[in-house]
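# Examining the three-dimensional arrangement
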Amino acid sequence: MGRSYIVDEAVGPYLSELASCKSKAFVTGLLIGQCSQQKDYVLIAVRTPPKEEKSESNTSYHSDLSHIDEEWITAHATQVSRMLPGGLLVLGVFVIAVPELAKEIQNTLRKLVFSVEKSLAKKRLWNISEEDVSDRVTLHLCSTTKKILCRTYNMQDPKSPAKPADWKYQNGLSSSWLSLDCTINANIHIPLPVTLANHDLEKNTRVGLVRWAKQIEEAVFLINGQVKEEDTDLLEGQKKFARGNMSSSSQSLDVRVLMQLSRNSSSRSTATVQVCSGSINLKGALKCKAYIHNNKPKVKDAVKALKRDIINTLSDRCEILFEDLIINETLGEKNSEREYHTLPCRVFAPIAGSTVLFCDYKFGDESAEEIQDRFLEMLDQAVQAEDLHAAEEMHIVEVSPPKELQDNVQQKRLTKEMLLLKLHQNIGMVVAVAVAVSAAAFSFNYFSD
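Residues numbered from 1 in each chain as written. Predicted model: local features only at pLDDT ≥ 70, side-chain atom pairs only at ≥ 80, totals over all residues. Heavy atoms only, no water.

Looking at an unreviewed UniProt entry, one finds the protein named Protein odr-4 homolog, with Varanus komodoensis as its source organism. Turning to the protein, the UniProt record has this under Subcellular location (unreviewed entry): "Membrane". Word for word, the UniProt comment on the protein under Sequence similarities (unreviewed entry) is "Belongs to the ODR-4 family." (UniProt positions renumbered as here; feature names shortened; annotations may be inferred.)

A word on the overall build of the protein. Check the secondary structure of the protein and you find nine helices and 17 strands. Within the protein, buried positions represent 47% of all 449 residues. Long-range pairs, those at least 24 residues apart, make up 77% of the contacts in the protein between residues at least 6 apart in sequence. Working note: accessible area of the protein is about 24,600 Å², and carbon and sulfur atoms make up 53% of it. (Helix = DSSP H or I, 4+ residues; strand = E, 2+ residues; numbered from the N terminus. Buried < 20%, exposed > 50% of the residue type's maximum accessible area, 1.4 Å probe, protein only. Contact = heavy atoms within 4.5 Å. Areas by Shrake-Rupley, 256 points an atom, 1.4 Å probe, with all protein chains shown as cover.)

So, on to the side chain of Asp 135. Relative to the helices and strands, Asp 135 is located in strand S5 (residues 135-142). No salt bridge is formed by the buried Asp 135. Its closest oppositely charged neighbour is Arg 3, at 4.5 Å. Setting aside residues no more than four positions away along its own chain, Asp 135 makes contact with Arg 3, Thr 152, Tyr 153 and Asn 154. (Lys, Arg positive; Asp, Glu negative; His and termini not counted. Salt bridge = Lys/Arg side-chain N within 4 Å of Asp/Glu carboxyl O.)

All right, on to unusual backbone geometry then. Positive phi, normally seen in glycine, also occurs at Lys 146, with a value near 65°. In this structure, Lys 146 sits in the loop between S5 and strand S6 (148-154). Note on Lys 146: relative accessible area 41%, which makes it partly exposed. Notably, Asp 380 is not glycine yet its phi reads approximately 55°, a positive angle. Inspection of the secondary structure assignment puts Asp 380 in the loop between helix H8 (368-379) and strand S16 (389-390).

Remark: helix H4 (residues 201-217) packs on helix H7 (residues 299-327), axes separated minimally by 10 Å, with the N-to-C direction vectors making an angle of 170°. One element, H4, and the other, H7, form an angle in the roughly antiparallel class. The crossing of H4 and H7 is right-handed. Judged by residue contacts, Leu 201, Glu 202, Thr 205, Arg 206, Leu 209, Trp 212, Ala 213, Ile 216 and Glu 217 of H4 engage Lys 307, Ile 310, Ile 311, Leu 314, Ser 315, Cys 318, Glu 319 and Phe 322 from H7. (Axes fitted to C-alpha atoms, helices over the stretch in contact; angles between N-to-C directions. Parallel < 35°, antiparallel > 145°, perpendicular 65-115°, else oblique. Left-handed = near helix turned anticlockwise from the far one by under 90°.)

Inspection of the entire model under this criterion finds three aromatic pairs. Ring geometry for Tyr 41 and Trp 177: centres 5.8 Å apart, planes at 80°, overall edge-to-face. Linking Tyr 41 in strand S3 (residues 40-47) with Trp 177 in the loop between strand S8 (166-170) and strand S9 (178-193), this pair joins segments that are 136 residues apart in sequence. Geometrically, the ring pair formed by Trp 167 and Tyr 169 is edge-to-face, given 6.3 Å between the ring centres and 90° between the ring planes. By relative accessible area, Trp 167 is classed as buried at 14%. By relative accessible area, which is 37% here, Tyr 169 ends up partly exposed. If you follow Lys 289 out to its NZ or CZ, it ends over the ring of Phe 348, 5.8 Å from the centre. Seen from the ring of Trp 126, Arg 308 lies directly overhead, with NZ or CZ sitting 3.9 Å from the centre. (Phe/Tyr/Trp six-rings, centres within 6.5 Å; stacked < 30°, edge-to-face > 60°. Lys NZ or Arg CZ within 6 Å of the ring centre and 35° of its normal.)

Overall, antiparallel pairing links the three strands, which are arranged S15-S14-S16 in an open sheet. With one partner strand each, in any of the chains shown, strand S15 (357-362) and S16 form the two edges of the open sheet. Across two bridges, the pairing between strand S14 (residues 345-350) and S16 is antiparallel. Paired with Phe 348 across the bridge in S16 is His 389. (Pairing = 2+ DSSP bridges.)

Next up on the list: the environment of Gln 226. Mapped onto the secondary structure, Gln 226 falls in the loop between strand S10 (220-223) and helix H5 (239-245). The spatial distance from the C-alpha of Gln 226 to the C-alpha of Val 255 is 8.9 Å, given a sequence separation of 29 residues.

A few words now on the pairing of strand S4 (residues 89-97). Burial analysis of S4 places eight of its nine residues in the buried class, which makes it a mostly covered element. One ladder, built from eight bridges, connects strand S2 (residues 26-34) with S4; its direction is antiparallel. The residue of S4 that forms the bridge with Val 27 is Ile 96. Both S4 and S5 contribute to a ladder of six bridges, which runs parallel. Its bridge partner lying in S5, Val 95 is registered against His 140. Read from S4 through helix H3 (residues 102-122) to S5, the crossover connection turns out right-handed. (Right-handed = clockwise from strand over helix to strand, strands pointing away.)

Going through the model one piece at a time under the given rule, you end up with 17 salt bridges. Across the pair Arg 82 and Glu 319 runs a salt bridge, and its minimum N-O distance is 3.0 Å. Separated by 237 residues along the polypeptide, Arg 82 in helix H2 (residues 70-82) and Glu 319 in helix H7 bring together distant segments of the chain. With relative accessibility at 16%, the residue Glu 319 sits in the buried group. Glu 323 is paired through a salt bridge with Arg 82; the nearest N and O atoms lie 2.8 Å apart.

It is the contact of H2 with H3, at a shortest axis distance of 9 Å, that shows an interaxial angle of 45°. Judged on the interaxial angle alone, H3 and H2 are oblique. Viewed along their axes, H2 and H3 form a crossing whose handedness is right-handed. Contact residues: H2 offers Glu 70, Ile 73, Thr 74, Ala 77, Thr 78 and Ser 81, while H3 offers Lys 111, Leu 112, Ser 115, Val 116, Ser 119 and Leu 120. Each residue belonging to the contact of H2 with H3 can be placed in one class, and the counts come to five nonpolar, five polar and two charged. (Nonpolar A, V, L, I, M, F, W, Y, C, P; charged D, E, K, R; others polar.)

As structure tokens, this is what we get:
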């Protein structure tokens, strides 16, 4: 028996509209939703945005799938994954194609879904658990007959055979989902090795975030002020309240995160002394949000979704900051002893008439129109300016001292200071030896007399 996919009813008309486009032989896109042990839920489908090229071949009618840009599709999946709150992920890919391409479509879909999952796995700072669903879905819609072929592949098996899956539409799929909200204060200190090069700054930051992510994994989560057992019902003790509110809107649960020090003594036994040239400090409050389906949700599933949102949102912000610094060529312009950067702020917005909020990241000088354009380009959804809700956050990245961000003049000056320091240390050693010799001579003469 294959997996079942419960799909929001709005996805059907969206796919049909894409299929009605006669200027293209095929259309590709992503399926966004949530996994569970029993079934998966598809909230929205998002077409791949057109790639802007000067070549006229980009706008011509292609009659074969060899023109599908795998790299462009995986890059789109990476961008979309940043806009997803906890609990949501890229479930798979779809292709809408004319009947003439039916023979080669399945091989293309298989290649795409594995490529997308591989690309997304590279950026994760958390590990897949045994309870995580490893199946991802592919959907083939014939633009002429409107026939749907839904199949799944096991991402942990590169030779996985295609398995049939059910595709069922449901009205108002996410209208009664549960949301979990929390604010966590981050103060992360990341040492920079003395051998660090400019291009390794982002890599070293990621290593520091991996250590912090492990602390998040081990943290204690209080749901509405209570510690609950992992396997218990998320709404246990709140069922009467929940039933009265499920029909109108999603229920929100307040979560507090208690960080705890590791008690694993074995981790201390492997500690080493590392020579560092400076450090990176990440400071600020993170507004985090996760969603969970209301089909007998477990505490462990809800907490896992929120943990991953906490980890993902800080990791994504750092990636976006480094990308912005590289694009604007501001990496290495400052020569101060400390350099400060502001991480982008999280902005939430509802899409497709759903109560589930998606997000984007906004720098201080960006306008609401720019955020709206990104929602339209990445998710193919129009968002009103009044529906954008920026989280009240402060995020500061402090690099001190910025040896990795200095120019050659500053590097030479710092090297000179180090040489002077070393020379002073050597002079101190000479003076110390001279004092020791004088003391020994004095003692010898004193006792001889």
